[in-house]
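Tertiary structure, described
Here is what each chain is made of, one letter per residue.
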Amino acid sequence: MIDSVASSIDWRRTVLGLSQVEVARMAGTTQSSVSRLERGTLDARISTLTETARALGMDLRLIPREILPKVDEMLQTMQQATEKNGESGEEPLYTLDEYEEDPG
């Protein structure tokens, strides 16, 4: 789990084009803490993780284990699309199909 959090923070910061210093400033922490978070070597407080996630436009969530594989799949799909298209990752993970109203 630590590796997953670390890689998510690093990935999102890179996609947004932010430096560790910029993220640290926005999160109210130090560049060293952001670096250690990204490497998975910081046993951070929940408040540090929450503020860092918010600085990156992300949220922390507790996800039931039984749906975790599907959530991981959705996140991986989003990350791959972002890397492929060079986009900021602001596309929705899913869309509702539009439907036509029955005229009769």
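Not measured: the values here are computed from a predicted model. The residue count restarts for each chain, going from 1 along the sequence in the order it is written. Since the coordinates come from a predicted model, pLDDT governs what is reported: local features require at least 70, and pairs of side-chain atoms require 80 or more to be given and counted, while whole-chain, interface and lining totals use all residues. As a rule here, side-chain values cover all heavy atoms of the structure and leave hydrogens and water aside.

Focus on the packing of helix H2 (residues 20-27) against helix H3 (residues 31-39)
Short version of the rule: Every axis in this analysis is a line fitted to C-alpha atoms, fitted for helices over the stretch in contact. Angles between the N-to-C directions lie between 0 and 180 degrees. By the criteria applied, helices consist of DSSP H or I runs no shorter than four residues and strands consist of E runs no shorter than two, each listed in order from the N terminus. Here roughly perpendicular refers to angles of 65 to 115 degrees, roughly parallel to angles under 35, roughly antiparallel to angles over 145, and oblique to all remaining angles. The contact criterion used throughout is that any non-hydrogen atoms of two residues lie within 4.5 Å.
Between H2 and H3, the least distance of the axes is 8 Å, while the angle of their chain directions is 110 degrees. Taken together, the axes of H2 and H3 lie roughly perpendicular to each other. For the pair formed by H2 and H3, the contact residues are Gln20, Val21, Val23 and Ala24 on the first element and Gln31, Val34, Ser35 and Glu38 on the second.

Some thoughts on a nonpolar patch on the surface
The condition is simple: Like-charged residues are merged into a patch within 9 Å and nonpolar side chains (Val, Leu, Ile, Met, Phe, Trp, Tyr) within 5 Å, provided each residue has over 30% relative accessible area and no salt bridge. A 1.4 Å probe and the Shrake-Rupley method give the accessible areas. Residues count as covered only by the protein chains that appear here. By definition, a salt bridge exists where a carboxyl oxygen of Asp or Glu is found within 4 Å of a side-chain nitrogen of Lys or Arg.
A contiguous nonpolar surface patch, about 210 Å² in accessible area, is contributed by Ile63, Ile67 and Leu68. Tracing the chain through its elements places isoleucine 67 in the loop between helix H4 (46-55) and helix H5 (68-85).

Here's the deal with the environment of arginine 25
Considering the arrangement of structural elements, one finds arginine 25 in helix H2. Taking the C-alpha atoms as reference, arginine 25 lies 9.6 Å from threonine 52; in sequence the two are 27 residues apart.

Comments concerning the confidence of the model for the protein
Rules: Scored from 0 to 100, pLDDT reflects the predictor's confidence in each residue.
Chain-level statistics for the protein give a pLDDT mean of 84 and a share of 80% at 70 or above. In the model of the protein, H5 stands out as the element of lowest mean pLDDT, 85, in contrast to H2, which has the highest, 97.

Notes on the pattern of salt bridges
For clarity, the threshold we go by: Only protein chains enter the calculation, and the probe is 1.4 Å; a residue is then buried if its accessible area is under 20% of its type maximum, exposed if over 50%, and partly exposed in between.
Taken as a whole and assessed by the stated rule, the structure comprises five salt bridges. A salt bridge links arginine 13 to glutamate 38; its shortest N-O distance comes to 2.4 Å. Pair noted here: arginine 13 is in helix H1 (residues 2-16) and glutamate 38 is in helix H3, with a separation of 25 residues, a long-range link. Considered together, arginine 13 and glutamate 38 belong to a single accessibility category, that of buried residues. Salt bridges here are not isolated pairs; linked through shared partners, they connect Asp10, Arg13 and Glu38.

Some details on the packing of H2 against H4
Rule in force here: Helix crossings fall into two classes, left-handed where the near helix is turned counterclockwise from the far one by less than a right angle and right-handed where it is turned clockwise. All amino acids are sorted into three groups, where Ala, Val, Leu, Ile, Met, Phe, Trp, Tyr, Cys and Pro are nonpolar, Asp, Glu, Lys and Arg are charged, and the leftover types, Gly among them, are polar.
At a minimum axis separation of 8 Å, H2 and H4 run at an interaxial angle of 115 degrees. For the element pair H2 and H4, the recorded crossing hand is right-handed. Counting all contacts with H2, which are made through Val23, Met26 and Ala27, the residues of H4 involved are Glu51, Thr52 and Ala55. Across the contact of H2 with H4, the residue classes tally to four nonpolar, one polar and one charged.

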